[in-house]
Amino acid sequence: MSENSTSEQEFVKRLTKIVEANLQNEQFGVSELANKLNCSRTILYRKVKFYSGKSISAFIREFRLQKALEKLQKNEGNVSEIAEAVGFGSVTYFIKCFHDYFGYPPGDVLKKESELPFEKPKEKILTKTRFFKKTIIFPLLFALVAIIVLSVFFIQHSTKRSIEKSIAVLPFVNDTPEIGNIYMDGLREEIIYKLSLIGDIKIVSRTSSDQYRNSDKPIKIIARELKVNYLLEGSSQTINGQTRIRMQLIEAKTDNHLWSKPFEREINDKNIFEIQQEIAGLVSKYLNANITPAEKYLMSKSDTKNKTAYSFYLEGMNYYNIYLKELNYEPLKKAEIALKHSIQYDSIYARAIYRLAWVLFQESKFGDTQVKRDSCIILVNKAIEINPLFSEAYSFKGFLCQSNPKEATKAFNMAIRTGPDKPEGYHQFGNFCCNIGEYSNTVKYSLKAIEVNPDPLIHDWTLINLNVALSSNGFFDVAAKYRNEYMVQHNNRMIYLNMQQSEAIMNKKYAESVKYGLLAYNLDSADLTTLEYLGQNYMFLHDFENALFYYTKYFEHLKTRTNFTDFQNESDFLLYNNRHSNSLGIDIFPLLNTTYLYGKLQDKNKFEIHKKALLANIEKHLEYNTLWSQSKLNYFELACIAAFLNENAKALEYLEYLAKGKVSPVWLLNYFDDHPMLENLKNTPGFQEIRKKIESNYQKEHSKTKQILADNGIINTEI
């Protein structure tokens, strides 16, 4: 028996042993199984899916049903007793699952053989069995059949593993870096794109394989880490203006070079299209991939037939990649110029137009924000008009249109419809939902992004969004698991500690959040998120001096990050962003809280300065119709100010408006309960009635999230 087959048997044996040991525990699900196996939920999902072809929740459920069948055949109890024995808290749900799986209700198993419906189960873990009379020979026959089926299972999957058409295109090596080569990155990108069109081939994302740029790891190690069976590597050399490329396809398991000799060609703007097509074709041929006529047609197509336009496009992307590494303006401007040249040579080159939009968006961070972002919308719409199936363009449009939720939602839905197997649309939609407070949808789309591409290296913000959404809807244990998964994959301790602070705040564990905040402060005393959390926590703990200390630090460091730091006074600084259309000003909650702190500590001058800046900030959000103003959260700040000034009737009026909004996360309830600015209102009937409305909105989102988690096998709700 092969080493692979043996390892598969060991994994399945260990898996089934753990599930069987927890058979009666109806709460035992995906998360608990991952903990028992000491691995992340993502890794466990991959393994179970690979070895059994099933999701983890389906594997556990079907195992329970098979055990139920055995117990019923052995007459170990009635239906209700056996349902409980295999971890189904609800008999009705057990009967439904049993019938859906086997095709007949569990009560029929207790009938005589002649009375039983002879129907093949729809899906199962082990094998089909007819019903035997209760004799001593049955367990032996059942065990024998199970052994045979498992043996076939291992052989099939061992064979599958050896021929699985999975590949990574490693970063190409430029042997003449002092000259540079605009062709190589573009060639690699195009090969990845063309191979991704073939449904029979699993190709690793560019983001994941990029981590092996300049790596000296052996091929077998890289392949094992990327979980692929094949690797494509390449290099180039430029001499006297002539660029020659060299490619090699490698079978990772044997380290064999599959092509009898390396693929070598001179490459230039006249033959680059043909070379891209040739390499993608050779790879698919040697992987023995089944290519449909539609896939073949798409592979043969190029976004442009103008080779000069394509050459400028490659030049622009080369400069854009330099910008991503250096984050300075000069290469970004060069990218803009090159992409504009590309579009001049081909005015319907959709991908160049889309990339130019991205470049302008990055430039907007350096100034002239609104004008450049308006240009981004125009360019993205043009790219979509040229190519109505451009999934990435729809995702970007949704991102750009976030202040118009209806338009953004429409764009994200189109991104998913045109690219159902791409994670970007789901991720961006989930991120948008997180921004507008629809946390159940954040969970829904973020989990889908991971499902269509389980590669954790491309899901950094997806994991963060999941952590925020789950914490905001009260699922702190599940949120912590995604926080831990983020730390394993990205090893960023500051973000990890910030997530810990956030979880603790939303769970009303303010002292615990301070503990994490001080650890983060020791790592980076200028981190704005840490300073804001520390200020808020100390305020909720009624330690106003420490709260003001950290908020003062917050504004000091924020001031150094503005474009102009030579402010005559504090008021000029706080109002600076509100006088410029390029920004929506300083975050509202720090201003709200410092307004309270200065009022509480009787610093009337600074109280008026911060209150003025807060009101100007709110007005700016209303002017731009931002998501914040649309969610009606601005009414919370207005209510707090009114309550602090003993204008209770006005404060309650503002809170009534707030209760009509859709955003009701757990942190808003905490602000209702613990923000000292609302102390004058907390015991009034009107305040308590409004809080009940907020609580009701929160519970609706909590219930939706619970169902989504259950549907994805992350929590067990079989009660």
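One can find the structure itself at the top, above this paragraph.
Residues numbered from 1 in each chain as written. Predicted model: local features only at pLDDT ≥ 70, side-chain atom pairs only at ≥ 80, totals over all residues. Heavy atoms only, no water.

Trainee: Can you walk me through the overall build of the protein chain in this structure?
Mentor: Across its full length, the protein chain carries 34 helices and 7 strands. By residue count, 51% of the 719 residues in the protein chain fall in the buried class. In the protein chain, 62% of the contacts between residues at least 6 apart in sequence involve partners at least 24 apart. If you sum the accessible surface of the protein chain, you get close to 34300 Å²; carbon and sulfur atoms cover 51% of it. (Helix = DSSP H or I, 4+ residues; strand = E, 2+ residues; numbered from the N terminus. Buried < 20%, exposed > 50% of the residue type's maximum accessible area, 1.4 Å probe, protein only. Contact = heavy atoms within 4.5 Å. Areas by Shrake-Rupley, 256 points an atom, 1.4 Å probe, with all protein chains shown as cover.)

Trainee: Would you explain the packing of aromatic side chains in this entry?
Mentor: Aromatic ring pairs: the centre-centre distance and the angle between the two ring planes describe each pair. Counted by the stated rule, this structure contains 36 aromatic pairs. A centroid spacing of 6.1 Å and a plane angle of 35° characterise the contact between Y320 and Y323, whose relative ring orientation is tilted. Of this pair, Y320 and Y323 both sit in helix α13 (residues 307-326), 3 residues apart, which is roughly one turn of the helix. The class for Y320 is buried, based on a relative accessible area of 9%. In this structure an aromatic cluster arises from ring pairing among Y510, F540, F589, F636, W667, Y671, F672 and F687. Over the aromatic face of F263 sits the side chain of R265, whose NZ or CZ is 4.2 Å from the ring centroid. (Phe/Tyr/Trp six-rings, centres within 6.5 Å; stacked < 30°, edge-to-face > 60°. Lys NZ or Arg CZ within 6 Å of the ring centre and 35° of its normal.)

Trainee: Help me understand the pairing of strand β1 (residues 166-169) in this model?
Mentor: As a general feature of sheets, a regular strand has side chains that alternate between the two faces. In β1, alternate side chains face the same way, and those of S166 and A168 on one face and I167 and V169 on the other are all buried. Bridge count for β1 against strand β4 (residues 230-239) is 3 bridges, and the pairing is parallel. Within β4, the position partnered with I167 by the bridge is Y230. (Pairing = 2+ DSSP bridges.)

Trainee: Even after reading the chapter, I still don't get the pattern of salt bridges, so can you show me in this structure?
Mentor: Once the charged atoms of two side chains with opposite charge are near each other, the side chains can pair. Tallied over the full model, the rule gives 30 salt bridges. In this structure, K165 and D200 form a salt bridge, with 2.7 Å as the shortest nitrogen-oxygen distance. In this pair, K165 sits in the loop between α7 (137-163) and β1 while D200 sits in the loop between α8 (182-196) and β3 (202-203), placing the two residues 35 residues apart along the sequence. A salt bridge links E647 to K650; the shortest N-O distance between them is 3.8 Å. Taking the relative accessible area as the measure of exposure, E647 reaches 34% and is therefore partly exposed. The class for K650 is partly exposed, based on a relative accessible area of 41%. (Salt bridge = Lys/Arg side-chain N within 4 Å of Asp/Glu carboxyl O.)

Trainee: Which parts of the structure should I look at to understand the state of the cysteines?
Mentor: What makes a disulfide is a covalent bond joining the sulfur atoms belonging to two cysteines. As enumerated under the stated definition, the model contains 0 disulfides in all. No disulfide involves C433; its sulfur sits 8.8 Å from that of C434, the nearest cysteine. (Disulfide = S-S within 2.5 Å.)

Trainee: Please explain the nonpolar core as it appears in this structure.
Mentor: Most often, soluble globular proteins have nonpolar side chains that are buried together. Counting 77 residues, the largest nonpolar core has L470, F636, L655 and F672 as its most contacted members. No other element matches the 8 residues that helix α26 (residues 544-560) contributes to this core. Those residues in contact with F672 that lie beyond four places of it in its chain are F636, L655, L658, L678, K682, F687, I690, R691 and I694. With 62 residues, the next largest nonpolar core counts A289, A357, C376 and I384 among its residues. (Core = buried A, V, L, I, M, F, W, Y, C linked by side-chain atoms within 4.5 Å.)

Trainee: Got a minute to help me understand the packing of helix α23 (residues 493-506) against helix α24 (residues 510-523) in this structure?
Mentor: Each pair of packed helices gets described by two things: the angle between the helix axes and the distance between those axes. Interaxial distance between α23 and α24 falls to 8 Å at its minimum, and their mutual angle equals 165°. For the element pair α23 / α24, the angle class is roughly antiparallel. When the axes of α23 and α24 are compared, the crossing they make is left-handed. On the side of α23, the interface is formed by R493, M494, L497, Q500, Q501, A504 and I505, while α24 contributes Y510, E512, S513, Y516, G517, L519, A520 and L523. Residues that form the contact of α23 with α24 fall into these classes: 9 nonpolar, 4 polar and 2 charged. (Axes fitted to C-alpha atoms, helices over the stretch in contact; angles between N-to-C directions. Parallel < 35°, antiparallel > 145°, perpendicular 65-115°, else oblique. Left-handed = near helix turned anticlockwise from the far one by under 90°. Nonpolar A, V, L, I, M, F, W, Y, C, P; charged D, E, K, R; others polar.)

Trainee: Explanation requested: helix α19 (residues 423-436) in the structure shown.
Mentor: Helical geometry note: an α-helix holds 3.6 residues per turn, so side chains three or four residues apart project in the same direction. Here α19 contains 14 residues, and its C-alpha end-to-end distance of 20 Å stays within 8% of the 20 Å for a straight helix at 1.5 Å per residue. Among the 14 residues of α19, 12 are classified as buried, and the element is accordingly described as predominantly covered. For α19, the complete set of buried residues consists of P423, G425, Y426, H427, Q428, F429, G430, N431, F432, C433, C434 and I436. Packing partners of the buried residues in α19 comprise α17 (391-400), α18 (405-418), α20 (439-452), α21 (460-472) and α30 (627-630). Remark: G437 follows α19 within two positions and exhibits a positive phi of approximately 85°. (Expected span 1.5 Å × (residues − 1).)

Trainee: How do you make sense of the environment of Y486 when you look at a structure like this?
Mentor: Structurally, Y486 can be placed in helix α22 (residues 476-490). Take Y486: its relative accessible area is 5%, and that puts it in the buried class. Expressed as a C-alpha distance, the spacing of Y486 and Y496, which sit 10 residues apart in the sequence, is 7.6 Å. In contact with Y486, other than residues within four places in its own chain, are D460, L463, I464, N491, N492, I495 and M499.

Trainee: I would appreciate a short explanation of α17 in the present structure.
Mentor: Here α17 lies mainly inside the structure; 8 of its 10 residues are buried. Looking only at α17, the buried set comprises S391, A393, Y394, S395, F396, K397, G398 and L400. Buried-residue contacts for α17 involve α15 (350-363), α16 (369-386), α18 and α19.

Trainee: When you look at the side chain of N321 in this model, what are you seeing that I'm missing?
Mentor: You can see N321 is positioned in helix α13. Owing to a relative accessible area of 16%, N321 belongs among the buried residues under this scheme. With near-sequence residues (within four places) excluded, N321 lies in contact with D185 and R206.

Trainee: When you look at the packing of α23 against helix α25 (residues 528-540) in this model, what are you seeing that I'm missing?
Mentor: As a packed pair, α23 and α25 sit with axes 10 Å apart at the nearest point and diverge in direction by 25°. Considering the angle they form, α23 stands roughly parallel to α25. The handedness of the crossing between α23 and α25 comes out as left-handed. Residue-level inspection shows M494, N498, Q501, S502 and I505 of α23 in contact with α25, the latter providing T529, T530, Y533, L534, Q536 and N537. For the contact of α23 with α25, a count of residues per class yields 4 nonpolar, 7 polar and no charged.

So yeah, pure geometry; function would need other evidence.
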